[in-house]
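These are the residues of each chain, in order.
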Amino acid sequence: MRELTGWIPLLPLLGFLILAAVPLFTRRELPEKVSATIGVASVGLAALLTAAIAPPFFNDPAYVYSVSLWSWLDVGGLSLGFDFYLDWLTLVMLGVVTGVGFLIHLYSAGYMRGDPGYRRYFAYLNLFVCAMLILVMADNLVLLYLGWEGVGLCSYLLIGFWYRDPVNGAAARKAFIVTRIGDTAMAIGLFLLFSQFATLNIRELLAAGGAPPADPQTLTLATLLLLGGAVGKSAQLPLQTWLPDAMAGPTPVSALIHAATMVTAGVYLIARMHTLFAQSPLAMMAVAAVGALTLLLAGCSALAQTDIKRVLAYSTISQIGYMFLALGVGAWSGAIFHLMTHAFFKALLFLAAGSVILSLHHEQNIFAMGGLRRKIPFTFGCFLIGCACLAALPFTSGFYSKDRILLQAWEQFHGFNWIWAAGVLGALITGLYSFRLLFLVFFGREGSASSHCGDANTRDMVLPLLLLSVLALFGGLLAPPLQSVFGAAAAAHPPIWVEWIAIAAPILGILFAWWLFRRGSFRETQTGINLWWQGGWDFDRLYEAVFSKPFLWLAQVNRGDFVDGAYRGVAAASRLLNLGASTLQTGQIRWYMASFALGSILILALLVAL
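A short tour of the structure in this document, coming up. (Residues numbered from 1 in each chain as written. Predicted model: local features only at pLDDT ≥ 70, side-chain atom pairs only at ≥ 80, totals over all residues. Heavy atoms only, no water.)

A closer look at the environment of Thr179
Reasoning step 1: Note on placement: Thr179 falls in helix α7 (residues 166-197).
Reasoning step 2: When its relative accessible area of 0% is taken as the criterion, Thr179 is described as buried.
Reasoning step 3: Along the primary structure Thr179 and Gly232 are separated by 53 residues, whereas in three dimensions their C-alpha atoms are 4.7 Å apart.
Reasoning step 4: Not counting residues up to four positions away in its chain, the partners in contact with Thr179 are Gly232, Lys233, Trp242 and Met262. (Helix = DSSP H or I, 4+ residues; strand = E, 2+ residues; numbered from the N terminus. Buried < 20%, exposed > 50% of the residue type's maximum accessible area, 1.4 Å probe, protein only. Contact = heavy atoms within 4.5 Å.)

Thoughts on the nonpolar core
Reasoning step 1: Judged by nonpolar contacts, the single largest core of 205 residues is most densely connected at Leu144, Trp242, Phe277, Ile308, Phe324, Phe383 and Phe442.
Reasoning step 2: Ranked by the residues each element gives to this core, the list is headed by helix α16 (residues 332-359), at 19 residues.
Reasoning step 3: Those residues in contact with Ile308 that lie beyond four places of it in its chain are Ala353, Val356, Ile357, Gln364, Ile366, Met369, Phe383, Leu437 and Val441. (Core = buried A, V, L, I, M, F, W, Y, C linked by side-chain atoms within 4.5 Å.)

Focus on the packing of helix α9 (residues 216-233) against helix α12 (residues 265-272)
Reasoning step 1: Two numbers describe how α9 lies on α12: the axes approach to 7 Å, and their chain directions differ by 155°. In this view, α9 runs roughly antiparallel relative to α12, as classed from their interaxial angle. Residue-level contacts link Leu226, Leu227, Ala230 and Lys233 of α9 to Gly266, Leu269 and Ile270 of α12.
Reasoning step 2: Classifying every residue of the contact of α9 with α12 by side-chain character gives five nonpolar, one polar and one charged. (Axes fitted to C-alpha atoms, helices over the stretch in contact; angles between N-to-C directions. Parallel < 35°, antiparallel > 145°, perpendicular 65-115°, else oblique. Nonpolar A, V, L, I, M, F, W, Y, C, P; charged D, E, K, R; others polar.)

Considering the pattern of salt bridges
Reasoning step 1: For the coordinates displayed, the defined rule picks out 12 salt bridges.
Reasoning step 2: The shortest N-O distance in the salt bridge between Arg310 and Asp245 comes to 3.3 Å. Taken together, the positions of Arg310 in helix α15 (residues 308-328) and Asp245 in helix α10 (residues 242-245) put the pair 65 residues apart, joining distant regions of the chain.
Reasoning step 3: One connected set of salt bridges, linked through shared partners, spans Glu149, Arg180, Asp183 and Lys233. (Salt bridge = Lys/Arg side-chain N within 4 Å of Asp/Glu carboxyl O.)

This is a description of form; function is not addressed.
So, in structure tokens, the structure goes:
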């Protein structure tokens, strides 16, 4: 089965090429069924191939292998191949990307029906999956960076999919530009790693990272720069501002970005390079601090949102914060476990939200909803399961993965510490905002949009929701054996009350949400701290004041500098030449013949003279 590995990213790429090349050969659009079949089947086959290569890993958790396709780059002492490397970490990511990605593709076949860009949508979606697969399978950091930039491009294309609306185009540009900041930091980090270790092969770097580095300061700087790249892609502080606006794209795109592809890339990068980060206590503390602060700030913002998709967007930022917290305290397996379970329940929540939005004729304001549990009971059941998992209620998949993170945070610092406290407080806030959303949408009196509600689920949409509901509930039983990748973690033995606090926190949040809902305290307000949280703690305004406005002012003041003068001189010369040439174009044949004769005489005279 090893020889089939290269086909896993190739199949979605072929799907993209076929769908993208249709306009070159025919003026007619492909029928929607054909476009959906190509788009869905290419990812479905990739998922089947992932399942086909998995048995050896289950038989031997330490099993690894690499596939070399061709020599890619050989210059200046840097020799890189287009090679793939598979271990249990890769297998988990392949399962998430192809498995959850396939279900999102299948759901999209029904959700996007009737859209004029149907073929283009599936072409972009296939390319997105291909880029993410290259990222997680890469054997070297340059190939990983290729996939890294690929998912950035695809996010731009899909967030701005409905590009005729200027708001969508602005959201796509914002995502592209903000993530480029992190990508630049990451690229510099790769240069530093090459200068330190003379290689960018991941396995060689992991082996070298297990020993004390020749220059600890350079290694710390390189890992912090890699963290910068991860912060950008995974929408963590301070580069989190792009993700809420990314809700401008179709809802299944949001599910794919949040659950299976782009925002998980930063978590994967740090986990993959774990031996390098483990050599730098400063980098580890930075990762944990970023995660802890992000999960709290994003959780508070989720409490104030009125758009159903933006609530889920801030919840993703917060849950990725838990993964960063886990990475920062050395809970590598816990972070990847939570990445996997989060993919299940977050895809479920976004797709269920898509069904709500379609059923309400594209209404997204949660205060215009209410009482929907009787009108769309199947969607309500799916949403209830997703919220329970998000809040990490006992015996759901989210409980098992989040509990592991909190216990490791306690053990890492040998008792009470602010990282653990932030995680527990975040669990309470998560229970509060997730069930605030559930109560406002599905309970209480019907809102202005609820009276027009009709179940919009099709067969294409029901099956993915069912499967994701099962995975979200029971995915905690699928904890991957990552000891061969990260090493065996020390057994956690905190006091029993520590575990009870972790269990009680989200339940208290849910009870508080129900109490506030029954009192009518959840209102659509635009004042005070609610407005501040709703605007994401005003990071956009801060960046505009600190970066955008000074730059625009400087450009205005410096608009007459010598560089602009040189360009204006070229433009003026071009206009003068054009004026002279146009003056000679009189339209009189006699004038043209005389000019031709005079020119010929001058040329002959010059030839004779020379």
